[in-house]
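Spelled out, the chains give:
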Amino acid sequence: MAAPSARRCLGDMSWWLSAVTRPRGVAVLIAGFRRHHAGALPPEHISPSSAAVLSLLSSGLTLQPDFITAEEEAALCRELEPVLRKKRYESGHWDDAIHGFREVERLHWSPDSSAVIQRVRDKAFPPGENQLSLVHVLDLQKDGYIKPHVDSVKFCGSTIAGICLLSSSIMRLVSVDDPEERADLLLPRRCLYIMSGVSRYKFTHEILRSEESIFNGVPVPRERRISVICRNLPVS
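All of these numbers come straight from a predicted model, not from anything done at the bench. Along each chain, numbering runs from 1 in the same order as the chain's sequence is written. The model is predicted, so local features are restricted to residues of pLDDT at least 70 and side-chain atom pairs to those at 80 or more, both for listing and for counting; the totals for chains, interfaces and linings are taken over all residues. Heavy atoms from the whole structure form the basis of all side-chain values; hydrogens and water molecules are not counted.

1. Thoughts on unusual backbone geometry
How we decide: Note on conventions: DSSP H or I runs of at least 4 residues are helices, E runs of at least 2 residues are strands, and numbering of each starts at the N terminus. Using a 1.4 Å probe on the protein chains alone, a residue whose accessible area is under 20% of its type maximum counts as buried, one over 50% counts as exposed, and one in between counts as partly exposed.
The phi dihedral of L166 is positive, around 80°, even though this residue is not glycine. Among the secondary structure elements, L166 is positioned in the loop between β5 (159–165) and β6 (169–175). Even without being a glycine, N216 presents a positive backbone phi close to 50°. Counting through the fold element by element, N216 comes out in the loop between β10 (214–215) and β11 (218–219). We classify N216 as partly exposed; its relative accessible area is 24%.

If you want it as structure tokens, here you go:
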């Protein structure tokens, strides 16, 4: 979701489980997924159309709620706000994927924010992985949204890792081969999400508009959302 110049944040939500009715096959697979992939993708945060979709996505999709604290979120926002305020929200992206956004790429951070960014990198990438030094910051206004797209392999590599500030949101992933095969991913405020492999290149991903922001029948209020994203280098 970055441009050619290389420009190229709900608390405890476990109560949602009681409101969810899933097909038995998906429920059984989720139970097994919980046992064998603890911490990789909390089952209460994904709503797949089928067991097959959950199986496909499980190897390359990670979600960790409360990855950062409220204090760390506030510090990041204080650091970013003066920089973002200098830019206007734009109605269209270079590839028409994002609407109602402003973005920056940032190299230098305060010591406290640098420690948070390093935690993201340590979680998402193996030691020695070549990474983009610039961190992509995407500020999506309340009425902004990201349309379905597959990231270009020209500008970033196999993995992206982002932390969500200020608002929860719904990411929808849809198979490029079969639009009926899809999953909604609940991204709670202050979470870390990591996408690689199948989830990056075999599924489109999007951030739903405010009026569409519903997870398993329950509205997820959308406010302004800032994502801070680390990426590895593309394969040359």
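2. Considering helix α4 (residues 111–124)
What counts, and what does not: One fewer than the residue count of a helix, multiplied by 1.5 Å, yields its expected span. What the arc covers is the set of directions going from the helix axis to the C-beta atoms. Two residues form a contact once any of their heavy atoms are found within 4.5 Å.
With 14 residues, α4 should reach 20 Å at 1.5 Å per residue; the first-to-last C-alpha distance of 20 Å fits that figure. For α4, the set of buried residues is S113, V116, I117, V120, R121 and A124. Mapping the buried residues of α4 onto a view down its axis gives an arc of 140°, with all of them on the same face. Across from the buried face of α4, at angles greater than 90 degrees, the exposed residues are P111, D112 and D122. At its buried positions, α4 is contacted by α3 (70–84), β4 (135–149), β5, β8 (192–196) and β12 (225–231).

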